[in-house]
Amino acid sequence: MVQLKSNADIEAMRPACRVAADTLVMIEAYIKPGITTDRINTLVHEYTLDHGGIPAPLNYRGFPKSVCTSLNHVVCHGIPDKKVLKEGDLINVDVTTIIDGWHGDTSKTFFVGTPKVRAQKLTEVAREALQIGIDVVKPGATLGDIGYAIQTFVEKNRFSVVREYCGHGIGRVFHEDPQVVHFGNPGEGMALKEGMVFTIEPMVNAGKAAVKLLNDGWTVVTRDRSLSAQFEHTLTVRKDGAEILTLPSQG
């Protein structure tokens with residue numbers, strides 16, 4: 001069951017969404033060769049607490065850290081550890097913040113130093129794919145419309161869309177209905193209604209779409225070890241389109 005949010009609910013979500021977005025702004029200055037993903041985790045954890053939030057990933061279904069750090073061929077749910085970032089790496093930092101029981105969820109793929117040409121192109125396509133999906137959102141559009149727009153754009157650029165992992169409804173619960181897949185056909189799936197709140201978060205692979213789950217039960221990687229990039233926003237459906245909730249305080 002999709003839980004439609006009232007205007008009061010959406011206002012109550014704004015602090016969590018804003019702190020999550022501001023966390024990504026904060027962490028960008030630290031994404032340089034030599035930093036470990038554990039250090040990124042510590043910085044995110046401390047920033048979240050300092051701004052009145054709780055890091056939602058920590059202990060969520062046993063996840064051991066406060067943020068997901070997905071490096072190079074890791075698609076999603078990478079666990080921070082002692083790995084050191086190197087020149088030319090790609091890293092997705094996925095932040096979810098809880099404030100007053102409400103969740104805000106957003107992610108961004110960062111370049112470590114100067115990216116290689118293909119990594120830069122992949123990241124640009126993933127960023128634009130998210131915006132293309134958001135642009136489709138309005139009452140009466142369907143989930144299939146969102147997926148089709150994203151899939152078509154990504155494949156036109158000769159990349160692939162991950163199918164096993166998707167966006168999701170969000171509110172007082174971290175993951176709720178609907179599931180928002182990033183592929184599909186126009187007119188198919190649930191119709192969007194005002195008050196729906198969900199994430200769009202396309203995972204785009206430089207190679208084939210196939211992925212596999214590692215033995216830690218969390219880390220998802222590309223089967224062909226090709227690079228993967230992802231961007232994510234939490235948004236709500238308004239009468240005239242989408243309102244992105246995970247925008248930073250400045251800019």
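Details of the structure are given in the entry above.
Residues numbered from 1 in each chain as written. Predicted model: local features only at pLDDT ≥ 70, side-chain atom pairs only at ≥ 80, totals over all residues. Heavy atoms only, no water.

Caption draft 1: How the structure looks around the overall build of the protein chain. Along the protein chain, the regular secondary structure elements total four helices and 15 strands. The globule rule puts the C-alpha radius of gyration for 251 residues at 18 Å, and the 17 Å found for the protein chain is close to it. For the C-alpha atoms alone, the extent of the protein chain along its principal axes is close to 45 × 40 × 35 Å. Nonlocal contacts in the protein chain, meaning residues at least 24 apart in sequence, comprise 69% of its contacts between residues at least 6 apart. Within the structure as shown, the protein chain displays about 11100 Å² of accessible surface, and the carbon and sulfur contribution to it stands at 52%. (Helix = DSSP H or I, 4+ residues; strand = E, 2+ residues; numbered from the N terminus. Rg over C-alpha atoms; globule rule 2.2 N^0.38 Å. Contact = heavy atoms within 4.5 Å. Areas by Shrake-Rupley, 256 points an atom, 1.4 Å probe, with all protein chains shown as cover.)

Caption draft 2: Spotlight on the environment of Gly78. On the secondary structure map, Gly78 appears in the loop between β3 (74-76) and β4 (90-99). For Gly78, a relative accessible area of 3% puts it in the buried group. A C-alpha to C-alpha distance of 7.1 Å links Gly78 and Val220, two positions 142 residues apart in sequence. Dropping the residues within four chain positions of it, Gly78 is found in contact with Phe63, Val67, Cys68, Thr69, Ser70 and Thr219. (Buried < 20%, exposed > 50% of the residue type's maximum accessible area, 1.4 Å probe, protein only.)

Caption draft 3: How the structure looks around the sheet that holds strand β6 (residues 160-161). Here we have three strands laid out as an open sheet, ordered β6-β10-β13, and antiparallel in their pairing. Edge positions in the sheet fall to β6 and β13 (228-230), since each of these pairs with one other strand and no more. As judged from the three bridges shared by strand β10 (residues 203-205) and β13, these two strands associate in the antiparallel manner. When the bridges of β13 are listed, Val204 appears paired with Ala229. Most of the contacts of helix α3 (residues 117-136) go to β13, to which it runs at about 35 degrees, and overall it touches β10 and β13. (Pairing = 2+ DSSP bridges. Axes fitted to C-alpha atoms, helices over the stretch in contact; angles between N-to-C directions.)

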